[in-house]
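# Summary of structural features
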Number of protein chains: 2
Amino acid sequence: MDDVDIEDHRERIDRTQLWNELAAQLAVDSIRSTTEAGSGHPTSSLSAAHLTAVLFADHLRTDLHDPRSPANDRFVLSKGHAAPLLYAALKAVGAIDDETLLSLRRFGSPIQGHPAPGPALPWVEVATGSLGQGPAIGLGMALAMRLDESAGRVWVLIGDSESAEGSVWEAMEAAAHHRISALTCVLDLNRLGQRGPTMHGWDADVFVRRAEAFGWHALSIDGHDVAAIDAAYRAATEDDRPTMIVARTEKGHGVSEVADRDGWHGKAFPPELAERAIRELGGLRSITITPPKPEPWMPAGARAPAGAPAPAYTEPIATRKAFGETLRWLAGERDGLVVLDGEVGNSTYTEDFETVAPERFFQMYIAEQTMIGAQTGMQALGKTAFAATFGAFLTRAYDQIRMSAIGRADLRLCGSHAGVSIGEDGPSQMALEDIAALRAIHGATVLYPADGNATVRLVAAMADLRDISYVRTTREATPAIYAPEEGFPIGGSKTLRPGNDVALVAAGITLHESLIAADRLAADGIAARVLDCYSVKPIDGDALRAAAAETGLVVVIEDHRIEGGLGDAVLDALASEGTVTGRVVKLAVHDMPGSGSPEELRAWAGIDADAIVATVRTALVRG
Amino acid sequence: MDDVDIEDHRERIDRTQLWNELAAQLAVDSIRSTTEAGSGHPTSSLSAAHLTAVLFADHLRTDLHDPRSPANDRFVLSKGHAAPLLYAALKAVGAIDDETLLSLRRFGSPIQGHPAPGPALPWVEVATGSLGQGPAIGLGMALAMRLDESAGRVWVLIGDSESAEGSVWEAMEAAAHHRISALTCVLDLNRLGQRGPTMHGWDADVFVRRAEAFGWHALSIDGHDVAAIDAAYRAATEDDRPTMIVARTEKGHGVSEVADRDGWHGKAFPPELAERAIRELGGLRSITITPPKPEPWMPAGARAPAGAPAPAYTEPIATRKAFGETLRWLAGERDGLVVLDGEVGNSTYTEDFETVAPERFFQMYIAEQTMIGAQTGMQALGKTAFAATFGAFLTRAYDQIRMSAIGRADLRLCGSHAGVSIGEDGPSQMALEDIAALRAIHGATVLYPADGNATVRLVAAMADLRDISYVRTTREATPAIYAPEEGFPIGGSKTLRPGNDVALVAAGITLHESLIAADRLAADGIAARVLDCYSVKPIDGDALRAAAAETGLVVVIEDHRIEGGLGDAVLDALASEGTVTGRVVKLAVHDMPGSGSPEELRAWAGIDADAIVATVRTALVRG
């Protein structure tokens, strides 16, 4: 050996020692925090301690003082129940202190049972804990990095149990299709799930074969051999495909009383066992490591806004088309705007954006979970991300949307083809539960414009909204009822007809039915006030309470199921400040629709002008 | 050649002619029905015409007069937009007539834009049209057949675009794991999606490699070569693994003006084009085929019910545990009861059922979409199927639940770990949107028992309910408040405390907080009525309206988001028969929870006894 080799050899021995020591520390700290909490997942943390130690010490290039920098590598803990391991690693890099570590799972602690971002935890950018969602999030981060010309990489730690989720494989397919090389998934193959052995045990080859079949570079290693881990991470960075590292590990590794034993999932060690375990792992350590530095990165100069006029409509247009045209306009106004499509861009009209900004348009194919997961990853890296599909098919990603709300993600969603008004395609394509589902999401804004000009203003407003926002669009063309310069504040409403005999409250397609009904009622001498509740959440409580007080009869009409939609939102607003004044009648979809024309189906559902007129007449006679 | 060979050769020529003629008829009829409707998906039908013709003529063993027989093979059109092809095939076997065929997509027609079961269409057992759901449904059917010792087989026709859905791959993994040989997926590789080329074009090898990596027998063929199709179907029946047949096809095959051309997805041919297309396909035909007969099948003799006593509780027990013990009891009472688990059986306590009826317990691992899809398939074959996971993770299968409602499926769902009351694990594991989501499902029953005895009665009632039913269970033990013999009618409620000063309306965990609050209010001389709304949908409107009328103040307390849950259900009930009497105050979860103890989190959310007492005092002072 010459000098250089000896040096290299010594350094490698040093590094190996450090990695092993650090892994032991992460294991010990995972045990300490969970035993202190009295609950949690120490064994699921121990299996990945070596994988995480080598990653944080030598591969995850991060500026801890600038955790949101696009230059940083990203780590996504897809197996979110191994949160104690993540917190132990954050302690090892000096991001959190030991006191915080030992506050695990306590009320008010920034370090929860499963990772969730918060002001005191800027190194965690997304929420995990519902399994199988990390790969799509990582894909989105990698796509954003490519767009930003950052040299960053994304490392996703996944469990073997969660690999049963189809969301893992659809994200892998999308990553291969998009030729993402900066994404590495590390599969912690610890053989044991929550309630016994996993489907494939320690058969690493199964996962290697599948990853390869999905277009990935794949290799398998001993997940407790730090040199092998280091080599695998290097190999991942050198391949031009996304890489899957299948790491055979032991659940509870290093603690002989629990290692590779069933029955220890999600259980903190009792204090005596914790003591023995820590002794077996070599006791407490206080290693602090400095993660490797990210590659220098310069933000590209922002382009000047195109300054083109916003779309404006005087003729009938489908709000879904106005949505697409608004995105096309916004493409010239905002550099950071990206759009994701679920292979229906010619129906939602995101294709209008694609035409002018193809590099910021991401085709996620028929894979809604990946679409929302990737969107979550992209917004974590600062993108203003819109995603669109049929409203009915957003239900496919409801769990992802729920998790993104926990992660304080800014998702801008569009669901097209609302309600029975889509007509002939039938119920599988009709969004009828979307408002109920989205209203229940924490912090969500739910918008439902009735014409093209309202759509332009509301979609433009969404670009500036935080948290989840949702715009519901209509398949068929609707007449322009607003002037292009009309403003549409979030939480507002529009009174389109005055009147104190009855208030017709609607949004989207049923607003047009309400206007027709109001005209017909006027001919009978019944003055119907018409309210456009384009902002379903937050809703304009003041206008609704005034309408109820001044008319004594509120009829809510919506192309949605009777539960959880506009009608329930109106009732909630009316009840929120004391006694409900007057009567409220809800017209909505009660039964299961079939095919038919939009007009036939609205008549069948009892949400068309005829039904409104009949309801008002009956109610006024009864009242 | 000897005689037999000549005979065989002739027969094969005859058969080949028949298949090709039949395929042409299916293509022609798909064009006729969609052109008549003015919308629909003729080109997606044409690509699979040969695949379907050979299947219906010689492989799909069906007794058309007994379409629900467990002996029958099953056909699931996962690519539901090719519905015209299915209807054309049903016409060819004599199940529907030409008049019905030409009623496609019309209001009131049994043959909708996408397949949905109905009284006039008993040959369609499940709804499809939200993509990627067929394989899991097929898996469930095949599992039911195996349980029934039927020799039936399941054939699932899937599209290439929908293969981007992770649900396809998770179902494939489960099918291989469960060693299902009676399931064949035929992939119509027509290269074109809704808005352009699919991800993999005509690369059949990609799908073959993946299917093999997922443990399937796989082969690729020319999807317009009827002899190759026939051979592939035979090969599928001879293998002991599930089989994927990747069939390279042309979208719009046989019509030169549209074949393999982009821009023709979901478009009916204009009449002149339809005429030319039908001419090119050889004109109208009226072939009627008799499908092959199913193998004889004898139902196994029903075992006598065990007659064991139902579980009964006097001590505190978690309702999730009572759920599991009820299933264990029902296992002895009902032969056809099956239970599906999403790898959390030791949390939901479906493991109690597994212990006594392992052959009727199906481990679907962490794959909720497959769990619900398979459940849908099993109930289609007559099983009384329960599926359980954390309520939070049922959101992962919300689209599948939505589609099952369209398919009039009887799904019995349990969501455990309701609300912030789970404590330390944090929001990713908390069901907080589940009631909103499930209430919005057509025909769903939503139940939320507060103690063990109520759970026993309600879960037993679910076994007899049609459509979707959902029981929400609690992680922590709750005291027994009901006697074991107490009845719990669906749509009912229980008044646990009389009182006319205020009505506390709750369900599940918050009922216990309400009882504590009522006792404390009583000490102040405030008589609080306490209502247990264990039946959230349908809800006991009469009791609620009486409570509102008699007290003038209703406080609804729920461990769920403020939107779409019990509070909205109560408001709806109060408004449904005229003016809302009195005030309604809703206590529910408004903000994003973190970790903490159940008690801390209920206090934080303002849904514990303290919050109830404070709310009532404030309201009564204000009132």
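Residues numbered from 1 in each chain as written. Chains lettered and ligands numbered in written order. Predicted model: local features only at pLDDT ≥ 70, side-chain atom pairs only at ≥ 80, totals over all residues. Heavy atoms only, no water.

Here is the key point about a regular strand: its side chains alternate between the two faces of the sheet. All names here are of chain B. Neither face of strand 1 (residues 74-77) is exposed, since Arg 74 and Val 76 on one face and Phe 75 and Leu 77 on the opposite face are all buried. Strand direction decides the pairing type here: strand 1 and strand 2 (residues 154-159), joined by four bridges, are parallel. Following the sheet pairing, Leu 77 is matched in strand 2 by Leu 157. (Buried < 20%, exposed > 50% of the residue type's maximum accessible area, 1.4 Å probe, protein only. Helix = DSSP H or I, 4+ residues; strand = E, 2+ residues; numbered from the N terminus. Pairing = 2+ DSSP bridges.)

Here the focus is helix 8 (residues 204-213) of chain A. Within helix 8 of chain A, seven of the ten residues are buried, leaving the element largely enclosed by the surrounding structure. Taken residue by residue, helix 8 of chain A has A:Ala204, A:Val206, A:Phe207, A:Val208, A:Arg210, A:Ala211 and A:Ala213 as its buried positions. Looking at the packing, one finds that the buried side of helix 8 of chain A touches helix 7 (166-177), strand 3 (183-189), strand 4 (217-222) and strand 5 (243-248) of chain A together with helix 7 (166-177) and helix 8 (204-213) of chain B. Positioned one or two residues after helix 8 of chain A, A:Gly215 has a phi angle of 90 degrees, which is positive. (Contact = heavy atoms within 4.5 Å.)

Further remarks concern the interface of chain B and chain A. Contacts between chain B and chain A engage 100 residues on the former and 100 residues on the latter. Both sides together, the interface formed by chain B and chain A hides about 8300 Å², and carbon and sulfur atoms give 52% of it. At the boundary of chain B and chain A, one finds 14 salt bridges. In this structure, B:Arg396 engages A:Glu165 in a salt bridge whose closest nitrogen and oxygen atoms are separated by 3.7 Å. In this assembly, chain B and chain A are joined by 52 residue pairs in polar contact (both at pLDDT 80 or more). (Buried area = accessible area lost by both parts, 1.4 Å probe. Salt bridge = Lys/Arg side-chain N within 4 Å of Asp/Glu carboxyl O. Polar contact = N/O pair within 3.5 Å; in protein donor to acceptor, adjacent residues only side chain to side chain.)

In terms of nonpolar packing, the biggest core is built from 181 residues, with A:Met244, A:Leu413, B:Met244 and B:Leu413 touching the most fellow members. If we skip the residues at most four places from it in the chain, A:Met244 touches A:Ile158, A:Met172, A:Cys185, A:Leu187, A:Ala211, A:Trp216, A:His217, A:Ala218 and A:Leu219. The next biggest cluster of nonpolar side chains, apart from the first, holds 60 residues, and it includes A:Leu18, A:Leu219, A:Val255 and A:Ala277. (Core = buried A, V, L, I, M, F, W, Y, C linked by side-chain atoms within 4.5 Å.)

In this section: helix 4 (residues 83-92) of chain A. Since there are 3.6 residues in each turn of an α-helix, residues three or four apart along the chain are aligned in direction. Residue and element names in this part refer to chain A. The element helix 4 is extensively covered by neighbouring structure, given that ten of its ten residues are classed as buried. Restricting attention to buried positions, one finds in helix 4 the residues Ala 83, Pro 84, Leu 85, Leu 86, Tyr 87, Ala 88, Ala 89, Leu 90, Lys 91 and Ala 92. At the exit of helix 4 stands Gly 94, carrying a positive phi of roughly 85 degrees.

Moving on: the pattern of salt bridges. Residue and element names in this part refer to chain A. If you walk through the whole model with that rule in mind, you get 88 salt bridges over all chains. Two residues, Arg 360 and Glu 359, come together in a salt bridge whose shortest N-O distance is 3.6 Å. The residue Asp 519 makes a salt bridge to Arg 497 at a minimum N-O spacing of 3.2 Å. Of this pair, Asp 519 sits in helix 19 (residues 509-523) while Arg 497 sits in strand 14 (residues 494-497), placing them 22 residues apart in sequence. What you see here is one network of salt bridges that share partners, running through Asp 29, Arg 32, Lys 91 and Asp 98.

For the rest of this paragraph, the subject is the relation of the copies chain B and chain A. Overlaying chain B with chain A gives an RMSD of 0.0 Å, the required rotation being 180 degrees about an axis along which the chain moves by 0.0 Å. Taken together, the rotation and translation describe the operation of a two-fold axis. Looking at the rotation axis and the C-alpha trace of chain B, the residue lying nearest is B:Gly166, at 1.9 Å. Most of the interface of chain B is mirrored in chain A, where 100% of its interface residues again form contacts. (Least-squares fit on C-alpha atoms with pLDDT ≥ 70 in both.)

What follows deals with the sheet that holds strand 20 (residues 553-561) of chain B. All names here are of chain B. Taking strand neighbours across the sheet as the criterion, the five strands line up as 16-18-17-20-21 in an open arrangement whose pairing is mixed. Each having just a single partner strand, strand 16 (494-497) and strand 21 (583-589) make up the two edges of the open sheet. Averaged over all adjacent pairs, the angle separating strand axes in this sheet is 25 degrees, with direction ignored. Pairing of strand 17 (residues 502-506) with strand 18 (residues 528-532), which is carried by five bridges, proceeds in the parallel orientation. In the sheet register, Leu 504 faces strand 18, and the bridge partner there is Val 530. This element, helix 20 (residues 541-551), spans strand 17, strand 18 and strand 20 of the sheet and lies at about 170 degrees to strand 18. (Axes fitted to C-alpha atoms, helices over the stretch in contact; angles between N-to-C directions.)

Per-residue confidence for chain A averages 96 on the pLDDT scale, and 99% of its residues sit at or above 70. We note a pTM of 0.97 for the whole complex and an ipTM of 0.97 for its interfaces. (pLDDT = per-residue confidence, 0-100.)

Attention now moves to the pairing of strand 4 of chain A. All names here are of chain A. Taken together, the six bridges between strand 4 and strand 5 define a ladder with parallel strand orientation. Paired with His 217 across the strands is Thr 243, a residue of strand 5. With helix 9 (residues 226-238) bridging strand 4 and the parallel strand 5, this β-α-β connection has right-handed handedness. (Right-handed = clockwise from strand over helix to strand, strands pointing away.)

Moving on: the sheet that holds strand 17 (residues 535-537) of chain A. Residue and element names in this part refer to chain A. With mixed pairing, seven strands are arranged side by side in an open sheet as 8-7-9-10-12-11-17. Only two strands of the sheet have a single neighbouring strand rather than two, namely strand 8 (361-363) and strand 17. When the angles between neighbouring strand axes are averaged without regard to direction, this sheet yields 20 degrees. Relative to strand 8, strand 7 (residues 337-341) runs parallel, the two being bridged by three bridges. Following the sheet pairing, Asp 341 is matched in strand 8 by Gln 363.

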